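Geometric and topological summary
Residue-level listing of the chains:
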Amino acid sequence: MAALLVTGGAGYVGSHTVRELLERDEHVVILDDLSAGHVVAAGGAEIVRADLAGPNIARSLDEVLGRESFDAVLHFGAKAYVGESVEDPEKYYRNNVGGGLELISAMVRHGVPALIFSSTCATYGNPERVPIAEDHPQRPINPYGRTKLVFEWALQDFEVARGIRHVNLRYFNACGAHERGDLGEDHRPENHLIPIACEAAMGKRAHLSIFGDDYDTPDGTCIRDYIHVQDLAVAHVQALEHLRGGGASASFNLGTGMGHSVLEVIDAVERVSGKEVPREVAPRRSGDPPRLVATSEKIRRVFGWEPRFPSLERIVETAWAFKEHFPDGYPND
Ligand code: UDP
């Protein structure tokens, strides 16, 4: 069986996908610089430590891809903070565009025919209509979203010129943790709503800041489409089967189609944990659209994908269980 290269496979969504692949007896090689990933999250898969934006990346990729046959790359390795991308666009263009290009060039050199890309709803920008379908105009409003869109364009162009087929998976709000409780979200520093709300409930933070309560939404807080990380992982496996079966390049949204406000998420954390989430209203965070909700009708139709964790309550249960298991994040890291 041909091998799979998983960039960013020690990171949040990457590690859950690696577990899904290992459970299907796939041969996985991870390429990760461990700037955000965790060795313990890699499930024992080999990790080649390399930085996609580093000076030696072409050599590292040649070494890995040259030693056996690979039939696809799953590309998670990227910088993914909107705020940081505004402050340090160079980091985002170097990693997400420059590093991505190194990866595609190496695939061309070694004849790797397919790539699955972690794209994002941030490529759509401020939605003109909700729910957002794949044919919604892509007009990103921050460097993060722009670098992800540029890479989608690069994939289109390399398919025409070099025949590499691809699937873009545009995630909405990835969240939750593995149902076994031993794999989850451990960003340092943490920026995401659900883990922050859990930390506030545990007393590890003085309070949660609600970024704006004067939006034009029913309770005034932003609405997002929260999708469980294992549901994302399964979609990657389905995309892989599609490409291995000779399927055409395509883009798919990944969300549940249900929107939840910041206050609803806080309520869910309080119900699940049985603890209060201390909170304060803070100014709006720049670049936050009021409402981002997907329609995932296309991936349901084409792949038969169906979320196993469609309810916010169940998602929060898994996130809480992981936090209880590792209150200070992954051990030995
Ligand atoms: N949010 C918040 N306080 C926080 C973190 C996030 O109010 O400490 C809000 C944020 O403004 C957004 C939603 O929660 O409306 C989800 O944010 P997150 O950073 O988890 O994901 P994003 O939508 O940025 O991908």
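Up top is the structure.
A few points on the structure. The model shown is predicted, which means the values in this text are computed figures rather than measured ones. (Residues numbered from 1 in each chain as written. Predicted model: local features only at pLDDT ≥ 70, side-chain atom pairs only at ≥ 80, totals over all residues. Heavy atoms only, no water.)

1. Concerning the site of the ligand
Close contacts around the ligand come from 15 residues, with Leu 193, Ser 209, Phe 211, Arg 285 and Asp 288 the closest. Contact distances for the ligand include 2.9 Å between an oxygen atom and a backbone N or O atom of Phe 211. Taking Asp 288, its side chain carries an N or O atom lying 2.5 Å from an oxygen atom of the ligand. Expressed as a share of its isolated accessible area of 510 Å², the protein-covered part of the ligand is 87%. The set of elements that each furnish at least two residues to the shell around the ligand consists of helix 6 (193-201) and strand 8 (208-211). Ranked by residue count, the leading element in the shell around the ligand is strand 8, at 4 residues. Classifying every residue of the shell around the ligand gives 8 nonpolar, 4 polar and 3 charged. (Near = heavy atom within 4 Å. Polar contact = N/O pair within 3.5 Å; in protein donor to acceptor, adjacent residues only side chain to side chain. Areas by Shrake-Rupley, 256 points an atom, 1.4 Å probe, with all protein chains shown as cover. Helix = DSSP H or I, 4+ residues; strand = E, 2+ residues; numbered from the N terminus. Nonpolar A, V, L, I, M, F, W, Y, C, P; charged D, E, K, R; others polar.)

2. Concerning the side chain of Ser 296
Relative to the helices and strands, Ser 296 is located in the loop between strand 14 (291-292) and helix 9 (297-303). Residue class for Ser 296 comes out buried when judged on its relative accessible area of 3%. A polar side-chain atom of Ser 296 sits 2.8 Å from the main-chain carbonyl oxygen of Gly 255. For Ser 296, the contacting residues outside a window of four places in its chain are Asn 253, Leu 254, Gly 255 and Trp 305. (Buried < 20%, exposed > 50% of the residue type's maximum accessible area, 1.4 Å probe, protein only. Contact = heavy atoms within 4.5 Å.)

3. Some words on the packing of aromatic side chains
The geometry of two aromatic rings is summed up by the distance between their centres and the angle between their planes. Under the definition given, this model contains 7 aromatic pairs. With centroids separated by 6.5 Å and ring planes inclined at 35°, the aromatic side chains of Tyr 124 and Phe 172 adopt a geometry described as tilted. Of this pair, Tyr 124 sits in the loop between strand 5 (114-120) and helix 5 (143-162) while Phe 172 sits in the loop between strand 6 (165-171) and strand 7 (173-175); the two residues are 48 residues apart in sequence, bridging distant segments of the chain. Both residues of the pair, Tyr 124 and Phe 172, belong to the buried class. A connected cluster of aromatic rings, assembled from ring pairs, spans Phe 322, Phe 326 and Tyr 330. Looking at Arg 284, its charged tip hangs above the ring of Tyr 215, at a distance of 3.9 Å from the centre. The cationic tip of Lys 298 hangs over the ring face of Phe 252; the distance from NZ or CZ to the ring centre is 5.0 Å. (Phe/Tyr/Trp six-rings, centres within 6.5 Å; stacked < 30°, edge-to-face > 60°. Lys NZ or Arg CZ within 6 Å of the ring centre and 35° of its normal.)

4. Points about the environment of Val 160
Within the secondary structure layout, Val 160 lies in helix 5. The exposure class assigned to Val 160 is exposed, which follows from its relative accessible area of 74%. For the pair Val 160 and Ser 119, spaced 41 residues apart in sequence, the C-alpha to C-alpha distance is 20 Å.

5. Brief notes about the sheet that holds strand 9 (residues 223-224)
What the 3 strands build is an open sheet, ordered 12-9-14; its pairing is mixed. Bordering the open sheet on either side are strand 12 (260-261) and strand 14, each of which pairs with just one other strand. (Pairing = 2+ DSSP bridges.)

6. Observations concerning helix 1 (residues 12-23)
Helix length check: helix 1 (12 residues) gives 17 Å between terminal C-alpha atoms against 16 Å at 1.5 Å per residue, within 8%. In terms of burial, helix 1 is a largely internal element, 10 of the 12 residues being buried. Buried within helix 1 are the following residues: Tyr 12, Val 13, Gly 14, Ser 15, His 16, Thr 17, Val 18, Arg 19, Glu 20 and Leu 21. (Expected span 1.5 Å × (residues − 1).)

7. Things to note about the pairing of strand 11 (residues 250-254)
Most of strand 11 is tucked away: 5 of the 5 residues are buried. Residues Ala 250, Phe 252 and Leu 254 of strand 11 are buried on one face, and the alternating residues Ser 251 and Asn 253, pointing to the opposite face, are buried as well. Direction of pairing for strand 6 relative to strand 11: parallel, over a ladder of 5 bridges. Residue pairing for strand 11: Leu 169 is matched across the bridge by Phe 252.

8. Brief notes about the side chain of Lys 148
Along the chain, Lys 148 turns up in helix 5. No salt bridge is formed by the buried Lys 148; the nearest opposite charge belongs to Glu 152, separated by 8.7 Å. Residues within four places of Lys 148 in sequence aside, it is in contact with Ala 78, Asn 96, Phe 117, Ser 118, Ser 119, Thr 120 and Thr 123. (Lys, Arg positive; Asp, Glu negative; His and termini not counted. Salt bridge = Lys/Arg side-chain N within 4 Å of Asp/Glu carboxyl O.)

9. Focus on helix 8 (residues 262-273)
If you check helix 8, its first and last C-alpha atoms are 17 Å apart, about what 12 residues at 1.5 Å a residue would give, namely 16 Å. Taken together, the buried positions of helix 8 are Val 262, Val 265, Ile 266, Ala 268, Val 269 and Ser 273. Taken end-on, helix 8 shows its buried residues confined to a sector of 160°, consistent with a single buried face. Tucked into the core, helix 8 has its buried residues touching helix 6, strand 8, strand 10 (226-228), strand 12, strand 13 (279-282) and helix 10 (312-325). Count one or two residues on from helix 8 and you reach Gly 274, which has phi positive near 70°. (Arc of directions from axis to C-beta.)

Function cannot be inferred from these measures alone, as they are strictly geometric.
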